[in-house]
Amino acid sequence: MPIALGAMKVGDKGKIIRLEHGEKVYRQRLIAMGLIPGTEFCVSRIAPMGDPIEIVVRGVALSLRKGEAKILNVVWAG
């Protein structure tokens, strides 16, 4: 069952299952960073107000704003 990236906590692992239709600029940026369906990641940091969220993908730390993060549909990955 898909969840929002913002619902995850530090240390949680997830897998991207799809990108929602949203602002074209956000979608293009996420795809350029390699955030495509099937990509696994780990939540490494969350700012005190929840924005931005830092995830680690293939050993690289990426910071995502709430607007970008809500485009990603993810599932828990054990």
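Residues numbered from 1 in each chain as written. Predicted model: local features only at pLDDT ≥ 70, side-chain atom pairs only at ≥ 80, totals over all residues. Heavy atoms only, no water.

## Looking at the overall build of the chain
Counting its secondary structure elements, the chain contains 2 helices and 6 strands. In sequence order, the secondary structure elements of the chain are arranged as β-β-α-β-β-β-α-β. Along the first, second and third principal axes, the C-alpha set of the chain runs to 30 × 25 × 25 Å. Looking at the chain as a whole, 35% of its 78 residues qualify as buried. Partitioning the contacts of the chain with sequence separation of at least 6, the portion at a separation of at least 24 is 60%. As presented, the chain carries roughly 4800 Å² of accessible surface, and 57% of it is formed by carbon and sulfur atoms. Side chains of the chain give 12 positive and 7 negative charges; the mean places of these two sets differ by 2 Å. (Helix = DSSP H or I, 4+ residues; strand = E, 2+ residues; numbered from the N terminus. Buried < 20%, exposed > 50% of the residue type's maximum accessible area, 1.4 Å probe, protein only. Contact = heavy atoms within 4.5 Å. Areas by Shrake-Rupley, 256 points an atom, 1.4 Å probe, with all protein chains shown as cover. Lys, Arg positive; Asp, Glu negative; His and termini not counted. Charge placed at Lys NZ, Arg CZ, Asp CG, Glu CD.)

## A short note on the pattern of salt bridges
One pass over the structure, following the stated rule, counts 4 salt bridges. Glu20 is the partner of Arg18 in a salt bridge, and the nearest nitrogen-oxygen pair spans 3.0 Å. A salt bridge links Asp51 to Arg65; the shortest N-O distance between them is 3.7 Å. Here Arg65 lies in the loop between β5 (60–64) and α2 (66–69) and Asp51 lies in the loop between β3 (40–46) and β4 (53–57), a separation of 14 residues in the sequence. Since its relative accessible area comes to 47%, Arg65 is described here as partly exposed. (Salt bridge = Lys/Arg side-chain N within 4 Å of Asp/Glu carboxyl O.)

## With respect to the nonpolar core
Formed by 17 residues in total, the largest nonpolar core has its most connected members in Leu5, Leu35, Phe41, Ile55, Leu64 and Leu72. Only β2 (13–19), β3, β4, β5 and β6 (72–76) provide two or more residues apiece to this core. When residues in this core are grouped by element, the largest group, 3 residues, is from β4. Residue contacts for Leu35: discarding those within four places in its chain leaves Ile16, Leu19, Leu30, Ile55, Val57, Leu62, Leu64 and Leu72. (Core = buried A, V, L, I, M, F, W, Y, C linked by side-chain atoms within 4.5 Å.)

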